[in-house]
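# Coordinate analysis (summary)
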Amino acid sequence: DTAVSQTPKYLVTQMGNDKSIKCEQNLGHDTMYWYKQDSKKFLKIMFSYNNKELIINETVPNRFSPKSPDKAHLNLHINSLELGDSAVYFCASSQMLGQPQHFGDGTRLSIL
Amino acid sequence: AQSVAQPEDQVNVAEGNPLTVKCTYSVSGNPYLFWYVQYPNRGLQFLLKYITGDNLVKGSYGFEAEFNKSQTSFHLKKPSALVSDSALYFCAVRDGGSGNTGKLIFGQGTTLQVKP
């Protein structure tokens, strides 16, 4: 039973399109995160939510918008996709702020 | 500002030999330190953490890490490497000061290659 699941696993789309990535955790955790991992494997936090409240909002273009309908879900919507958005996006969760994080297996986004 | 450095892009070690993956950090308050491992096409997996207490922390899969405050280091170690330990390892730090958001700063990662 997957603890943190992301869909889709792969996303290939054209520049200018709008796409969403979904994330669900069944661990009962309060905090969820979105990370971006670039082609050099560098990992950077984008957003985090604690009990559905936005806690971290890094310097990310406004085209990226997270939505947390409930504690178990944190989705990421991206408008007007650009070539530079190509990366692997990871969702993670932790029991509370600052606790060890459990990661999903990532969504590989490729922009044509 | 918080930062984490992993000075080696790659570490090569023979199976059965001890391994060390280096990490140094810089934080304004007390550090909360973590090690994660990433296998190909997978998400990161938590290995161990240091928050307070004993400077030698034991974690998953036989890994341990030593917190050294004077050298601001948190090196990952294992007495006897396995081929299956080959992966990408990340050190991360969280500022333990007040008002923290739980935000982790990750190092750039070190690829561990264990050869039979």
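Residues numbered from 1 in each chain as written. Chains lettered and ligands numbered in written order. Predicted model: local features only at pLDDT ≥ 70, side-chain atom pairs only at ≥ 80, totals over all residues. Heavy atoms only, no water.

## As for the pattern of salt bridges
Our working rule: We define a salt bridge as a side-chain nitrogen of Lys or Arg found within 4 Å of a carboxyl oxygen belonging to Asp or Glu. Each helix is a run of H or I in the DSSP string that is no shorter than four residues. Each strand is a run of E no shorter than two, and both are numbered from the N terminus.
Across all of its chains, the model carries nine salt bridges over all chains by this definition. We note a salt bridge from A:Glu58 to B:Lys103, for which the minimum N-O separation is 3.0 Å. Taken as a pair, A:Glu58 in the loop between β6 (53-57) and β7 (64-70) and B:Lys103 in the loop between β10 (87-95) and β11 (105-106) lie in two separate chains rather than in one. Of the charged contacts, one joins A:Glu82 and A:Arg63 as a salt bridge, the two residues approaching to 3.5 Å between their closest N and O atoms. In this pair, A:Glu82 sits in the loop between β8 (73-78) and β9 (87-94) while A:Arg63 sits in the loop between β6 and β7, placing the two residues 19 residues apart along the sequence. Sharing partners across several salt bridges, the network here consists of A:Lys44, A:Glu58 and B:Lys103.

## Description of the environment of A:Phe47
Residues and elements named next belong to chain A. The cut-off we apply is this: For the exposure calls, accessible area comes from a 1.4 Å probe over protein chains only, and a residue counts as buried if that area is under 20% of its type's maximum, exposed if over 50%, partly exposed in between. We call two residues in contact whenever any of their non-hydrogen atoms come within 4.5 Å of each other.
By the element assignment, Phe47 lies in strand β5 (residues 43-50). We classify Phe47 as buried; its relative accessible area is 2%. The spatial distance from the C-alpha of Phe47 to the C-alpha of Arg108 is 18 Å, given a sequence separation of 61 residues. Beyond its immediate sequence surroundings of up to four residues, Phe47 is in contact with Met32, Tyr33, Trp34, Leu54, Ile56, Asn57, Val60, Phe64, Pro66 and Leu76.

## What to know about the state of the cysteines
All names here are of chain A. Rules: Note on disulfides: each one is a pair of cysteine sulfur atoms within 2.5 Å.
Here the structure, examined in full by the defined rule, presents two disulfides over all chains. A sulfur-sulfur separation of 1.8 Å characterises the disulfide bridge that pairs Cys23 with Cys91. Residues Cys23 and Cys91 are joined by a disulfide whose S-S torsion is about -75 degrees; by sign, that bridge is left-handed. Residue Cys23 is found in strand β3 (residues 19-25), and its partner Cys91 is found in strand β9; the two are separated by 68 residues along the sequence.

## Considering the interface of chain A and chain B
Note the following rule: As a working definition, buried area equals the accessible area (1.4 Å probe) given up by two parts on being put together, with both sides summed. As used in this structure description, the phrase polar contact means that two N or O atoms lie within 3.5 Å; if the pair is within protein, one of them must be able to donate a hydrogen and the other to accept it, and residues adjacent in sequence are counted only when both atoms belong to side chains. Residues were grouped as follows: Ala, Val, Leu, Ile, Met, Phe, Trp, Tyr, Cys and Pro as nonpolar; Asp, Glu, Lys and Arg as charged; and all remaining residues, including Gly, as polar.
Each partner contributes residues to the interface: chain A has 20 residues there, and chain B has 18 residues. Across the chain A/chain B interface, buried area totals approximately 1,700 Å², and carbon plus sulfur atoms make up 55% of it. Where B:Arg42 meets A:Asp105, a salt bridge forms, and the shortest distance between an N and an O atom there is 3.0 Å. At the boundary of chain A and chain B, one finds six residue pairs in polar contact (both at pLDDT 80 or more). Among the elements of the structure, β4 (31-37), β5 and β6 of chain A are those that each provide at least two residues to the side of chain A that touches chain B. Partitioning the side of chain A that touches chain B into residue classes produces 10 nonpolar, five polar and five charged.

## What to know about the packing of aromatic side chains
All names here are of chain A. Formally: Stacked, tilted and edge-to-face are the three classes applied to pairs of Phe, Tyr and Trp rings, where Trp contributes its six-membered ring and a pair requires centres within 6.5 Å; stacked means planes under 30 degrees apart, edge-to-face means over 60, and tilted covers the rest.
All told, the structure shown has 15 aromatic pairs over all chains when counted by the stated rule. Seen from their ring centres, Phe64 and Tyr89 are 6.2 Å apart, and the 35 degrees between their planes marks the pair as tilted. Taken as a pair, Phe64 in strand β7 and Tyr89 in strand β9 lie far apart in primary sequence, 25 residues in all. Assigned by exposure class, Phe64 and Tyr89 land together as buried.

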